[in-house]
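Analysis of the macromolecular model
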Amino acid sequence: MKPFPLAPNVLRHFYAGGERIAALRGTEPADHTPEEWLGAANTTFDGSRGLSSLPDGTLVRDALEADPEAFLGPDHAARFGSDPALLVKLLDAGQRLPVHFHPDRDFAARELGLAHGKTEAWLIVEADPGAAVWVGFTRDVSPDEVRGWMKAQDSEAMLGAMRELPVAAGEAIFVPAGAPHAIGSGILMVEVQEPTDLSVLLEWDGFELSEDEGHLDLGWDTALQALDRSAWSESRVGALRGPGPGRSLLPPEADGWFRAERVRRGDDLDPGFSILVGLAGDGSLGGEPFGRGSVLLVPFAAGSLTLEGDVEAIRCRPPAP
């Protein structure tokens, strides 16, 4: 097997953005297309969209199901079957995203019957001067206070109670499930995450949303149980930042969920399923042209590979089996 080039798979969404993705991928921008799902084998929460295809039109999901060992490797397949345990996105925040959070695995299994929650990480590709994200509350917050913010749609109070983190290109932040967070405008990122579309939204005013779209059809009493209302100290939030050791972009805590590496010309890549996003340069991988704006799905059966040419990329991988 060789690496598979992936055609654009852009999704319309409730928030603005898409121009930076179009510029990277060499496509025409369209309104409210701020996400591209790369090599996706899972769908949006409503099941309507998201699946990626290989060049011959085969859905990635179906290819993995047909030969999980070749695509994912025998060790991964023994643990996860045909589930890649990974979703990779390009995300272009054309406006600040609403304050929200994601359920963890235990909650997702108990309340939704799913194998994954939505722990994620943000790998910053571009960021406007002054760009920022918010992660975690600065103090313990009561359920009544959260509900008060939601009822009033008090964005200022929500953000004021959270840790604001300036970000720049090349940085990375690991975001555990349950942590309240928001992504500021003017940021292009590669997002790696568990393969679900589970978001509980504390804000909806100013977006193409209603209150009823924010609780995963669980009702607020249940959905808010997944929120981490504890205080996040500066050191606790600081530990979420990458890069990590070696080529890793993420702190070691992320390895149990997914892995991400910055790779460059001449780097050797060990066998393993991965999604590679080209950020700069021009070259090839495993005989497949690869450079800025290219996205490759690399199956385990492609074996050991060397990145050729003047290329810089992000390599996204499932957790170590």
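As a reminder, the structure under discussion sits directly above these lines.
Here's a quick rundown of the structure. Nothing here was measured: the structure is a model prediction, and the numbers come from that model.

**Looking at the sheet that holds strand β4 (residues 87-93)**
One open sheet holds the seven strands; their spatial order is β2-β3-β4-β11-β6-β9-β13, and the pairing between them is antiparallel. Every other strand in the sheet has two partners, leaving β2 (10-11) and β13 (241-242) as the edge strands with one partner each. Relative to β13, strand β9 (residues 172-175) runs antiparallel, the two being bridged by two bridges. Paired with Ala172 across the two strands is Gly242, which belongs to β13.

**Describing the environment of Gly50**
Within the element layout of this structure, Gly50 appears in the loop between β3 (35-38) and α2 (60-66). Note on Gly50: relative accessible area 7%, which makes it buried. Counting along the chain gives 41 residues from Gly50 to Asn9, while the straight-line C-alpha distance between them is 7.5 Å. Dropping the residues within four chain positions of it, Gly50 is found in contact with Asn9, Leu11, Trp37, Ala40 and Asn42.

**Focus on the environment of Phe107**
One can find Phe107 in helix α5 (residues 105-112). Look at Phe107 and you get buried, because its relative accessible area is 3%. The contact partners of Phe107, leaving out residues within four places of it in the chain, are Leu112, Leu218, Thr222, Ala223, Gln225 and Ala226.

**Quick notes on the pairing of strand β19 (residues 305-317)**
Looking at chain direction, strand β14 (residues 259-264) and β19 are connected through six bridges and run antiparallel. Residue pairing for β19: Ala260 is matched across the bridge by Cys316. Sheet analysis places strand β15 (residues 268-269) next to β19, joined by two bridges and oriented antiparallel. Within β19, the residue paired with Leu269 across the bridge is Leu305. With 10 bridges connecting them, strand β16 (residues 274-285) and β19 associate as antiparallel partners. Note on β19: the bridge partner recorded for Leu276 is Arg315.

**Notes on empty space enclosed by the protein**
One pass over the full model with this rule turns up one cavity of 30 Å³ or more. Taken as a whole, the largest cavity holds about 40 Å³ of empty space. If you go around the largest cavity, the residues you meet are Leu38, Gly39, Ala40, Pro84, Leu86, Leu87, Val88, Phe273 and Ile275. Here the lining of the largest cavity is composed, by residue class, of eight nonpolar, one polar and no charged.

**Points about the pairing of strand β6 (residues 120-127)**
Two faces, one strand: in a regular strand the side chains alternate between the faces of the sheet. Most of β6 sits inside the fold, with six of its eight residues counted as buried. Bridge analysis of β6 against β9 gives four bridges, and the strand direction is antiparallel. Residue pairing in the sheet places Leu123 in a bridge with Ala172 of β9. Direction of pairing for β6 relative to strand β11 (residues 187-193): antiparallel, over a ladder of seven bridges. Across the sheet, Ala127 pairs through a bridge with Ile187, a residue of β11.

**Some thoughts on the layout of surface pockets**
Its volume calculated, the largest pocket comes out at about 650 Å³. For the lining of the largest pocket, the secondary-structure elements that each account for two or more residues are β4 and β10 (181-183). Partitioned by chemical class, the residues of the lining of the largest pocket number 10 nonpolar, eight polar and 13 charged.

**What to know about unusual backbone geometry**
Omega for the bond connecting Gly242 with Pro243 falls within 30 degrees of zero, at 5°, which places this linkage in the cis form. Structurally, the position occupied by Pro243 is in the loop between β13 and β14. The phi torsion at His32 lies on the positive side, around 55°, for a residue other than glycine. Within the chain, Gln153 stands out as a residue other than glycine whose phi angle is a positive 50°. Examined against the element boundaries, Gln153 turns out to sit in the loop between α6 (143-152) and α7 (155-160).

What counts, and at which threshold
Every residue gets a number counted from 1 within its own chain, in the order that chain's sequence is written. Local features in this predicted model are restricted to residues whose pLDDT is 70 or higher, and side-chain atom pairs enter the listing and the counts only when it is 80 or higher, whereas totals over whole chains, interfaces and linings include all residues. Calculated side-chain values reflect all of the structure's heavy atoms, with hydrogen atoms and water omitted. At least two bridges found by DSSP between two strands are what make those strands a pair. In DSSP terms, a helix is any run of H or I states spanning at least four residues, a strand is any run of E spanning at least two, and both are numbered starting from the N terminus. Note on exposure labels: buried denotes an accessible area under 20% of the residue type's maximum, exposed denotes more than 50%, and partly exposed covers the range between, all computed with a 1.4 Å probe on protein chains only. Contacts between residues were defined by any pair of non-hydrogen atoms, one from each residue, lying within 4.5 Å. A cavity, in this analysis, means grid points on a 1 Å lattice covering only the protein atoms where a 1.4 Å probe fits yet has no way out; a pocket is instead an open set bounded by protein on both sides within 12 Å along at least five of seven lines, and a residue lines either one if it has an atom within 4 Å of a point. Grid points are joined across faces, edges and corners, and a volume is the space filled by probe spheres set on the points. The classification used treats Ala, Val, Leu, Ile, Met, Phe, Trp, Tyr, Cys and Pro as nonpolar, Asp, Glu, Lys and Arg as charged, and all other residues, Gly among them, as polar.

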